Every structure is written in structure tokens, then in C-alpha cells.
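Architecture and fold: a report
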Amino acid sequence: MSLMAALRDAHPEPQSIDVLERLKTICDSQGLGALGQRLTSLSQLVAPDMAALHAEFQGVPRGTHSVHRAANHVVDLGGKRLRPLCVALASRVGAGFNDAAKQLGVAAELVHNATLLHDDVVDLGDTRRGEPSARALYGNAAAIFAGDWLLIEALRRVRSTSFLDVLDRLLEIIDAMISAEALQLENRGQARVSAESYFQVVEGKTAALFRWALLAGGRAGELASTECEALENYGLHLGIAFQLVDDLLDYSGERASLGKELFVDLREGKTTYPLILALEEDPSLLPSLHAVATAHGRLDGLQQEWNRIIMALQAPSIAQRCRKLAQRQIELGIEALAACPNGQAKEALITVARATVHRMN
């Protein structure tokens, strides 16, 4: 049974967990048939695990007030659910997928969804995954409290596994994520941000939760501390690569087909790696970048500056350099896995990492 078929049986609604099939389609379209075949094998390996995780998401408490509705709205939208997949695969590197891995996988996704709720309030985002955002439907206050509630629900699930070290580590990760958000907030509207500052944000905001997901899965799979550390290092590099590609896709037409607005980061005054590269290649862009970054989305009279920036960002060299660095991060992550026992799950983690660089959404 394919992953998609298993998930449809578990839950017939269209928000299926289809990250692997998306990646396979992309690999096939780019002539990466061998990688696509490995993704098919991976789908068969984790289909029962992902079906169990998907069913568990339906058990997230529901209520009648706006906070619960806002929380359930973002959970029900689905998404890639790559972090629960990482928990499942990490557990299979060890003793295998079990109830603890299931609870930890759900917790990882709930923390991620909490950050999405908060991000949409900070960024005044009206859409999420092609649908109205929770803040657009229920208001900013409900979205903020919904994010807080999802964090509490995630912590409850981690505590239920009795892995207190994993709970302590999650608290550290949440602290790191908040610090990264604070740094990103300080950088917002600045046309010139250092690569060092950018990667500090990425490591705290994105890579930290990937690290925790891999650690949590390893602990659920009863792996040794050295093996869990190796999985964490893999998660760090996977998370950085994921964010680099995500930044690149903000300037890619493929996002439009998914109901996502293009150039969101630029409009919100966020400096991403493609912007850093564009300014490095053409320092004369600085005045235009400054004008757009400080306009807070109000681009009246700035069309010339806007067009110039977009042209610079869509230069082939920017995409090539971004994906090259993402590929290097993936290779570092794969090297970290050398400390883990060989087997299907380890090969699956390598496959996910390699396919992530080629994703188009």
C-alpha cells in the first residue's frame, strides 16, 4: 500500500500527508528517477507510521471557543509534516516506531504550527497554505492564544512519554526559537544584514526544531547518546538546507500555483540569503533594498526599485549559489549519520535529505 493510500484510509479528507509523493514528483520531473524510486520505497516503509500520526492529529482536543477553532484550523490544514516524518524515521534507526514516537511526532508538528500562528500575527499574514489564516478568520488575539495552547498541548504529549530529558531539550529549543524570532525582528527593515546574523536566525528558528525532532525520535527508538547526537547534527544541517531552499522559493513562480503569494519575505522587510547574495553580487542594489525594506509593504512610487530587486533575485546565479550551499549542508548532515547503524531508516533519512534540495514547494 502506498503512503497516500494508507493516509486516505485513515482520513478521507484532502489534507493528506503527501510530502514524499510531492518530492517524488519533483525528482521525476527533474530526471532524478533513481531518487524518486527510493522515495517510493520510503513511502512503503513509513506508511503505517504516518497513518498512525495522521490519525493522532485528529485527537487534538477540539472546543467551541475561538482559540480552539483557530488552533484546529491550522492543524487541519495539514502541510508537509516533515518534522513528524523525521521523528518516525529516527525511531526506526533504533528499536522502531512506537507510541512514544507517535506522541513526540505530534508534539513536533504542534510546536511548528504554534510558530505559524504567531508568525501570521507578526507578519499580518492573511493566508496560510492557500487558505485564510487563523488570524484572518478569528482575529489576532485568538491566533496568539491558539499558538500558546498548541505549545502547551505539545509539552503535555512530550511529558506523557516520560522522557524528561527530551522535555527539557524541547524547552531549550523553544527558548532558542524565541531568541531567533527576536533577532529576526531586530533585523527587519534593514537592507544590509550579515550572513552570520541570518544563519543565527535560521539555526534558532528553523533548524532547532528539526534537531529536536531527530533527537526525540532517536530517544523513542532507544538509541545511545552518541547516536542521538548524530541525529541532532543531521537535523541541524537538514533544517538549514530546508530554510535556504524555502527562501529561494519565495522568488520562484511555483509558489503561485500553491496559493502562496510571491516575494512575501521581501514585502515584510525580512532579509533572506538570496537577498544577501544579490547585494553581494551588486552592491549598488543597497538604496533600492533599503527603500523597499522600510516601506512596510507600501510600494507606491517604488515600482522601479521593486522591479530591479526582483530581476536581481531571479538571476540564475542566485538560485545556483543557494542550492549549492543547501547541497553542502545536506552532505554535512549525511556525514553526521555515519555514527548511526546502517539500515533502511538511515538510508531513508539520506533520501529525504537529498530530495529536500530539489523541492519546489
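Structure: see above.
Residues numbered from 1 in each chain as written. Predicted model: local features only at pLDDT ≥ 70, side-chain atom pairs only at ≥ 80, totals over all residues. Heavy atoms only, no water.

Time to look at the overall build of the protein chain. Scanning the protein chain from terminus to terminus reveals 17 helices and two strands. Expressed as a percentage of the 361 residues in the protein chain, the buried residues total 57%. Sequence-distant contacts in the protein chain: of pairs separated by 6 or more residues, those separated by 24 or more amount to 73%. If you sum the accessible surface of the protein chain, you get close to 15000 Å²; carbon and sulfur atoms cover 52% of it. (Helix = DSSP H or I, 4+ residues; strand = E, 2+ residues; numbered from the N terminus. Buried < 20%, exposed > 50% of the residue type's maximum accessible area, 1.4 Å probe, protein only. Contact = heavy atoms within 4.5 Å. Areas by Shrake-Rupley, 256 points an atom, 1.4 Å probe, with all protein chains shown as cover.)

Core analysis: the biggest nonpolar cluster contains 113 residues, and Leu42, Leu89, Leu104, Leu150, Trp212 and Leu266 have the highest contact counts within it. The contacts of Leu89, once residues within four sequence positions are left out, are Leu42, Leu45, Val46, Ala345, Ala348, Leu349 and Val352. (Core = buried A, V, L, I, M, F, W, Y, C linked by side-chain atoms within 4.5 Å.)

Moving on to the pattern of salt bridges. Applying the stated criterion across every chain, the model contains 22 salt bridges. Taking the shortest distance from any N to any O, the salt bridge between Asp76 and Arg62 comes out at 2.7 Å. Residue Asp76 is found in helix 4 (residues 66–76), and its partner Arg62 is found in the loop between helix 3 (33–57) and helix 4; the two are separated by 14 residues along the sequence. For Asp76, a relative accessible area of 28% translates into the label partly exposed. The network of salt bridges with shared partners includes Glu56, Asp99, Lys102, Glu153, Arg156 and Arg157. (Salt bridge = Lys/Arg side-chain N within 4 Å of Asp/Glu carboxyl O.)

On to the state of the cysteines. Overall, the coordinates contain zero disulfides when judged by the stated rule. In this structure Cys340 is a free cysteine whose sulfur lies 8.2 Å from that of Cys228, the closest cysteine sulfur available. Residue class for Cys340 comes out buried when judged on its relative accessible area of 5%. (Disulfide = S-S within 2.5 Å.)

The phi dihedral of Arg81 is positive, around 55°, even though this residue is not glycine. Within the secondary structure layout, Arg81 lies in the loop between helix 4 and helix 5 (82–93).

Moving on, we come to the environment of Ala191. Along the chain, Ala191 falls in the loop between helix 9 (164–187) and helix 10 (195–220). Taking the C-alpha atoms as reference, Ala191 lies 9.4 Å from Leu285; in sequence the two are 94 residues apart. Not counting residues up to four positions away in its chain, the partners in contact with Ala191 are Thr271, Leu279, Leu286, Leu289 and His290.

Volume-wise, the second largest pocket comes out at about 380 Å³. In terms of lining, the second largest pocket is formed by 18 residues, of which the most central are His118, Asp119, Met177, Ile178 and Glu181. When residues of the lining of the second largest pocket are traced back to their parent elements, those giving at least two are helix 6 (99–123) and helix 9. Tallied by class, the residues present in the lining of the second largest pocket amount to nine nonpolar, three polar and six charged. (1 Å grid on protein atoms, 1.4 Å probe; cavity = no way out; pocket = protein on both sides within 12 Å on 5 of 7 lines; lining within 4 Å. Points joined across faces, edges and corners; volume = space filled by probe spheres on them. Nonpolar A, V, L, I, M, F, W, Y, C, P; charged D, E, K, R; others polar.)

As a further point, take the packing of helix 5 against helix 17 (residues 344–356). It is at 8 Å that the axes of helix 5 and helix 17 come closest, and there the two elements cross at 150°. Viewed along their axes, helix 5 and helix 17 adopt a mutual orientation that is roughly antiparallel. Note on element contacts: helix 17 touches helix 5 through Ala345, Lys346, Ala348, Leu349 and Val352, opposite Leu82, Leu85, Leu89, Arg92 and Val93. (Axes fitted to C-alpha atoms, helices over the stretch in contact; angles between N-to-C directions. Parallel < 35°, antiparallel > 145°, perpendicular 65-115°, else oblique.)

If you check helix 5, its first and last C-alpha atoms are 17 Å apart, about what 12 residues at 1.5 Å a residue would give, namely 16 Å. Taking burial as the measure, the 12 residues of helix 5 include 11 buried ones, the bulk of the element. (Expected span 1.5 Å × (residues − 1).)

Across all of its chains, the model carries four aromatic pairs by this definition. Taking the centre distance of 5.5 Å and the plane angle of 55° together, the rings of Phe199 and Tyr273 count as tilted. Here Tyr273 lies in helix 13 (residues 273–281) and Phe199 lies in helix 10, a separation of 74 residues in the sequence. Per residue, the accessibility class of Phe199 equals that of Tyr273, and both read buried. Seen in terms of ring centroids, Phe210 and Phe242 are 5.5 Å apart; in terms of plane orientation they differ by 50°. Their pairing is tilted. In this pair, Phe210 is assigned in helix 10 and Phe242 in helix 11 (residues 225–249), connecting sequence segments 32 residues apart. An identical accessibility class is assigned to Phe210 and Phe242; each is buried. (Phe/Tyr/Trp six-rings, centres within 6.5 Å; stacked < 30°, edge-to-face > 60°.)

Further remarks concern the environment of His65. Position of His65 among the secondary structure elements: in the loop between helix 3 and helix 4. In this structure His65 comes out as partly exposed when scored by relative accessible area, which is 40%.

Here we come to helix 17. Given a rise of 1.5 Å per residue, 13 residues ought to cover 18 Å, and the 18 Å separating the end C-alpha atoms of helix 17 matches this to within 8%. Here helix 17 lies mainly inside the structure; 10 of its 13 residues are buried. The complete set of buried residues in helix 17 reads Ala345, Lys346, Ala348, Leu349, Ile350, Thr351, Val352, Ala353, Ala355 and Thr356.

Here Glu232 is to be found in helix 11. Since its relative accessible area comes to 13%, Glu232 is described here as buried. Sequence-distant contacts of Glu232, that is, excluding residues within four places in its chain, are made with Arg169, Arg211, Leu214 and Leu215.

As a further point, take the packing of helix 9 against helix 10. Running from amino to carboxyl end, helix 9 crosses helix 10 at an angle of 165°, the nearest separation of the two axes being 8 Å. Comparing their axes, helix 10 and helix 9 come out roughly antiparallel. Regarding helix 9 and helix 10, the two cross each other, and that crossing is left-handed. For the pair helix 9 and helix 10, the contacting residues are Asp165, Val166, Arg169, Leu170, Ile173, Ala176, Met177, Ala180, Glu181, Leu183, Gln184 and Asn187 in the first and Ser197, Gln200, Val201, Gly204, Lys205, Ala208, Leu209, Arg211, Trp212, Leu215, Ala216 and Arg219 in the second. Its residues placed into classes, the contact of helix 9 with helix 10 shows 13 nonpolar, five polar and six charged. (Left-handed = near helix turned anticlockwise from the far one by under 90°.)

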